[in-house]
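Examining the three-dimensional arrangement
Each chain is listed here by its residues.
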Amino acid sequence: MSAEGTDESSWALDPEDESGAVVAAVGRQLKMWREAAGLDRSAFAERMGYGADLTRKIESGIRIPRPEFLDKADAVLGAGGKIAAMKVDVEKARYPKKVRDLAKLESEAVEIGSYDNVVVTGLLQTEEYARALFGLRRPGFSEDEVERLVAARLARQKLIQRYPAPLLTVVQEEAVLRRPVGGKMVMCGQLEHLLEVGRLRTVEIQVMPTAVEERAGLGSSFTVMRLKGGTTVGHNEAQLASRLISEPKEVQILDMRYGMIRAQALTPRESLTFIEKVLGET
């Protein structure tokens, strides 16, 4: 456990993660600054308020340093901002590899289509909704891991504000809008957020009413992304797996299925009216 009482294991680096070279380089730099200051690991750890073993792991490149760790190390070692500046280098490594891979694809997309029948699509979740959602997982995440996952989810959402932003179309099942994740206040905030972003020119939200008899997507949630180079890929995340779909025949099926789902759902204008109605009933 760290000085803050959080589970340090949530910041362990995946040995197959390509960002390991960056984390290792940061660890080597930190060790050089510590040794130049004439401090052994125990003395450094005492001044830092962290365990000596955590320092060893960070210097060895097997543990990702948290931003506050680098800030404090900068102050303790008198680095004048040079250690703190390395936060930029490890920022992406803070997030799980599968999240970074998905975020990279999303950043290259000119159009993203998402069908979600369980929860609000990740790109449109509020911070409170996302935190409540991760808090519901079993076996449970540590508080540190929840914060890490929430930060990663919010970081992905920056593409909605960029210019030019990709066209984002989302189909949400009515049941998702009525499922009180996090309680009444959190859900009201989430519905208000959907109304806000749903009015953006680059975002179209459609609702699939429960009463609709014919629908093409009862299997599972999925995403279809059209990339800048003309390639189309799919993404599906199930209980214990996150899968990128690039085989042309499979992508074609997802693309066709998504088109049918959109045709079966309410129009974007009708959907905003529907969301307003649900908000009033919440």
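Residues numbered from 1 in each chain as written. Predicted model: local features only at pLDDT ≥ 70, side-chain atom pairs only at ≥ 80, totals over all residues. Heavy atoms only, no water.

What follows concerns the overall build of the protein. Looking only at helices and strands, the protein has 12 helices and six strands in total. By residue count, 47% of the 282 residues in the protein fall in the buried class. Just so you have it, the protein exposes about 14,700 Å², and 54% of that area is on carbon and sulfur atoms. (Helix = DSSP H or I, 4+ residues; strand = E, 2+ residues; numbered from the N terminus. Buried < 20%, exposed > 50% of the residue type's maximum accessible area, 1.4 Å probe, protein only. Areas by Shrake-Rupley, 256 points an atom, 1.4 Å probe, with all protein chains shown as cover.)

The next subject is the pattern of salt bridges. Two side chains of opposite charge can pair, provided their charged atoms sit close to one another. Scanning the model with the defined rule gives 19 salt bridges in all. Of the charged contacts in the structure, one is a salt bridge between Glu127 and Arg131, with a shortest N-O distance of 3.1 Å. With a gap of four residues between them, Glu127 and Arg131 both fall in helix H7 (residues 127-135), about one helical turn apart. Exposure remark for Glu127: the relative accessible area of 34% places this residue in the partly exposed category. With a closest N to O distance of 2.9 Å, Asp255 and Arg226 form a salt bridge. Of this pair, Asp255 sits in helix H11 (residues 248-264) while Arg226 sits in strand E4 (residues 222-227), and the two are 29 residues apart along the sequence. The class of Arg226 is partly exposed, set by a relative accessible area of 28%. (Salt bridge = Lys/Arg side-chain N within 4 Å of Asp/Glu carboxyl O.)

For the pair helix H2 (residues 41-48) and helix H4 (residues 67-77), the least separation of the axes is 10 Å and the interaxial angle reads 110°. Between H2 and H4, the angle falls in the class roughly perpendicular. For the element pair H2 and H4, the recorded crossing hand is right-handed. Residue-level inspection shows Phe44, Arg47 and Met48 of H2 in contact with H4, the latter providing Phe69, Lys72, Ala73, Val76 and Leu77. (Axes fitted to C-alpha atoms, helices over the stretch in contact; angles between N-to-C directions. Parallel < 35°, antiparallel > 145°, perpendicular 65-115°, else oblique. Left-handed = near helix turned anticlockwise from the far one by under 90°. Contact = heavy atoms within 4.5 Å.)

Aromatic ring pairs are defined here through the distance separating the ring centres and the angle between the ring planes. Applying the stated criterion across every chain, the model contains four aromatic pairs. For the pair Tyr115 and Phe222, a centre-to-centre distance of 6.0 Å together with 50° between the ring planes defines the contact as tilted. Of the two residues, Tyr115 is situated in strand E1 (residues 109-116) and Phe222 in strand E4; the sequence distance between them amounts to 107 residues. When sorted by exposure, Tyr115 lands in the same class as Phe222, which is buried. Taken together, a centroid distance of 6.3 Å and an interplanar angle of 80° make the contact between Phe222 and Tyr258 edge-to-face. (Phe/Tyr/Trp six-rings, centres within 6.5 Å; stacked < 30°, edge-to-face > 60°.)

A few words now on the confidence of the model for the protein. Scored by pLDDT, the protein has a mean of 87; 89% of the residues are at 70 or more. Considering only residues more than four positions removed or in separate chains, one finds that residues 1-11, a stretch of pLDDT under 50, has 28 contacts. (pLDDT = per-residue confidence, 0-100.)

The grouping of Ile253, Met256 and Met260 at the surface amounts to a nonpolar patch, some 280 Å² of accessible area in total. Summarising the element assignment, Met256 is placed in helix H11. (Patch = residues over 30% accessible without salt bridge, like charges linked within 9 Å, V, L, I, M, F, W, Y side chains within 5 Å.)

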